[in-house]
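Given next are the chains, with one letter for each unit.
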Amino acid sequence: MNSTPLYCAESARRDRADELASRFALPRVNTRPTQGYWLELGPQRLELLTDGKHGAVYAEFVEGAARHRREQGGGRGQPVAKAVGIKGAILPVIVDATAGLGGDSFVLASLGCQVTMIERSPVAAALLADALERAERDPDTRDIAARMQLVHANAIDWLQARALDDAATRPDVVFVDPMFPDTDKKSAAAKKGMQAFQHVIGDDMDSAALLAAAIEAATGRVVVKRPQRGVAIAGVKPSVVLDGKSTRFDLYVIKALRPQQA
Ligand SMILES: C[S@@+](CC[C@H](N)C(=O)[O-])C[C@H]1O[C@@H](n2cnc3c(N)ncnc32)[C@H](O)[C@@H]1O
């Protein structure tokens with residue numbers, strides 16, 4: 001999955017392209033590929049492109065759906081806010097273990113939470129880094145972007161290391177939204193023109209190990225986002241299920257999972 005090349009036709013942006021290629025170990029090419037998938041840094045943003053079958057895929061925190069959700073999104077009334085436990089003065093510190101294109105992270109940071117985004121795919125991580133940089137430059141999103149931190153790593157390893165830390169430095173909430181090999185997710189992704197992203201990233205076959213690591217690292221709860229009728233992650237059973245119209249949140253409440261020692 002690490003062979004997606006990065007191309008840049010803009011002479012003014014070649015240093016930035018080199019920086020992204022080196023940070024995410026992406027092969028740099030000097031000729032625009034004509035087949036397969038490639039990342040292209042244009043004058044505005046970094047995009048995942050392919051030879052005509054699908055539209056460009058990019059992460060976006062400033063314009064479009066992100067702007068609409070920021071301005072009209074329902075704030076703390078959104079189901080995701082309830083799922084992570086935002087209430088009164090409580091703003092949990094969150095690790096988004098499956099950051100993807102950062103949609104959920106951005107909503108949570110917009111609500112005031114500090115969010116560490118973990119992403120293992122170099123392609124998704126590069127798209128995220130580019131969107132974050134644009135959000136840092138825009139006065140409307142600068143403050144939100146300042147609450148978001150990107151880590152390019154496998155969240156299973158990263159969370160296992162956090163589990164050894166002092167409770168004070170561990171996250172309150174670990175948020176998990178894996179790419180499941182089930183039909184609900186595939187059709188939802190297809191509708192959004194996300195086939196290219198899904199093809200490059202692939203399904204996440206190790207969600208059970210990720211859930212186990214998340215439960216060890218979180219001090220408050222683990223929140224798993226699933227399609228309404230999607231199967232739960234194998235292993236531990238959720239303590240609470242919050243049903244929504246198209247999305248469901250499976251909650252693994254740590255206090256319920258780890259009874260207090262007498
Ligand atoms: C369905 S997408 C997440 C979408 C995201 N919630 C959003 O709003 O854009 C799943 C992402 O999690 C990443 N992922 C899955 N397992 C991971 C792991 N163990 N460590 C880091 N990233 C992981 C995949 O590479 C993929 O980009």
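Keep in mind the model is a prediction, meaning the values are calculated, not measured. (Residues numbered from 1 in each chain as written. Predicted model: local features only at pLDDT ≥ 70, side-chain atom pairs only at ≥ 80, totals over all residues. Heavy atoms only, no water.)

**Student:** What is the right way to read the site of the ligand from this model?
**Tutor:** Neighbouring the ligand are 22 residues; Asp-104, Glu-119, Asn-154, Ala-155 and Asp-177 lie closest to it. Within the side chain of Asp-104, an N or O atom sits 2.7 Å from a nitrogen atom of the ligand. In the complex, the protein chains occlude 93% of the 610 Å² of accessible area that the ligand would expose alone. Of all elements in the fold, only helix 4 (103–110), strand 6 (115–119), helix 7 (155–163) and helix 9 (195–201) reach the threshold of two or more residues within the shell around the ligand. (Near = heavy atom within 4 Å. Polar contact = N/O pair within 3.5 Å; in protein donor to acceptor, adjacent residues only side chain to side chain. Areas by Shrake-Rupley, 256 points an atom, 1.4 Å probe, with all protein chains shown as cover. Helix = DSSP H or I, 4+ residues; strand = E, 2+ residues; numbered from the N terminus.)

**Student:** I would appreciate a short explanation of the sheet that holds strand 1 (residues 6–8) in the present structure.
**Tutor:** Backbone hydrogen bonds hold the strands of a sheet together, and the pairing may be parallel or antiparallel. On the basis of which strands lie adjacent, the open sheet formed by four strands has the order 2-1-3-4 and mixed pairing. What marks the edges here is a single partner per strand, and that holds for strand 2 (28–29) and strand 4 (46–50). Looking at chain direction, strand 1 and strand 3 (residues 37–41) are connected through three bridges and run parallel. For Leu-6, the partnering residue across the bridge sits in strand 3 and is Leu-39. Along the sheet, helix 1 (residues 14–23) makes contact with strand 1, strand 2, strand 3 and strand 4, crossing strand 1 at roughly 175°. Helix 5 (residues 122–137) rests against strand 3 and strand 4 of the sheet, and its axis sits at about 140° to strand 4. (Pairing = 2+ DSSP bridges. Contact = heavy atoms within 4.5 Å. Axes fitted to C-alpha atoms, helices over the stretch in contact; angles between N-to-C directions.)

**Student:** Explanation requested: the environment of Gln-195 in the structure shown.
**Tutor:** Looking at the element boundaries, Gln-195 is found in helix 9. For Gln-195, a relative accessible area of 31% puts it in the partly exposed group. Residues Gln-195 and Ala-168, 27 residues apart in the sequence, show an inter-C-alpha distance of 40 Å. (Buried < 20%, exposed > 50% of the residue type's maximum accessible area, 1.4 Å probe, protein only.)

**Student:** When you look at the side chain of Arg-170 in this model, what are you seeing that I'm missing?
**Tutor:** Mapping Arg-170 onto the fold places it in the loop between helix 7 and strand 8 (173–176). For the buried Arg-170, which has no salt bridge, the nearest side chain bearing the opposite charge is Glu-216, at an N-O separation of 6.6 Å. Within the structure, the side chain of Arg-170 is placed 3.4 Å from the backbone oxygen of Glu-216, a separation counted as a polar contact. (Lys, Arg positive; Asp, Glu negative; His and termini not counted. Salt bridge = Lys/Arg side-chain N within 4 Å of Asp/Glu carboxyl O.)

**Student:** Explanation requested: the domain arrangement of the chain in the structure shown.
**Tutor:** A common measure of how large an interface is: the accessible area buried when the components associate. Here the chain is partitioned into domain 1 (6–50) and domain 2 (64–257). The centre of domain 1, based on its C-alpha atoms, is set 27 Å off from the matching centre of domain 2. Contacts between the two partners involve 14 residues from domain 1, matched on the other side by 15 residues from domain 2. Taking both sides of the interface into account, the surface hidden between domain 1 and domain 2 amounts to around 1,200 Å²; carbon and sulfur atoms contribute 70%. Interface area lost by domain 1 to domain 2 is led by Phe-24, Tyr-37 and Leu-48, which between them contribute 43%. At the junction of domain 1 with domain 2, the criterion picks out one salt bridge. The residue Arg-16 makes a salt bridge to Glu-133 at a minimum N-O spacing of 3.6 Å. For the interface between domain 1 and domain 2, the tally reads one residue pair in polar contact (both at pLDDT 80 or more). Residue assignment for the side of domain 1 that touches domain 2 shows that the elements contributing at least two residues are helix 1, strand 3 and strand 4. For the side of domain 1 that touches domain 2, the class distribution of residues is eight nonpolar, one polar and five charged. (Domains from an automatic or database assignment. Buried area = accessible area lost by both parts, 1.4 Å probe. Nonpolar A, V, L, I, M, F, W, Y, C, P; charged D, E, K, R; others polar.)

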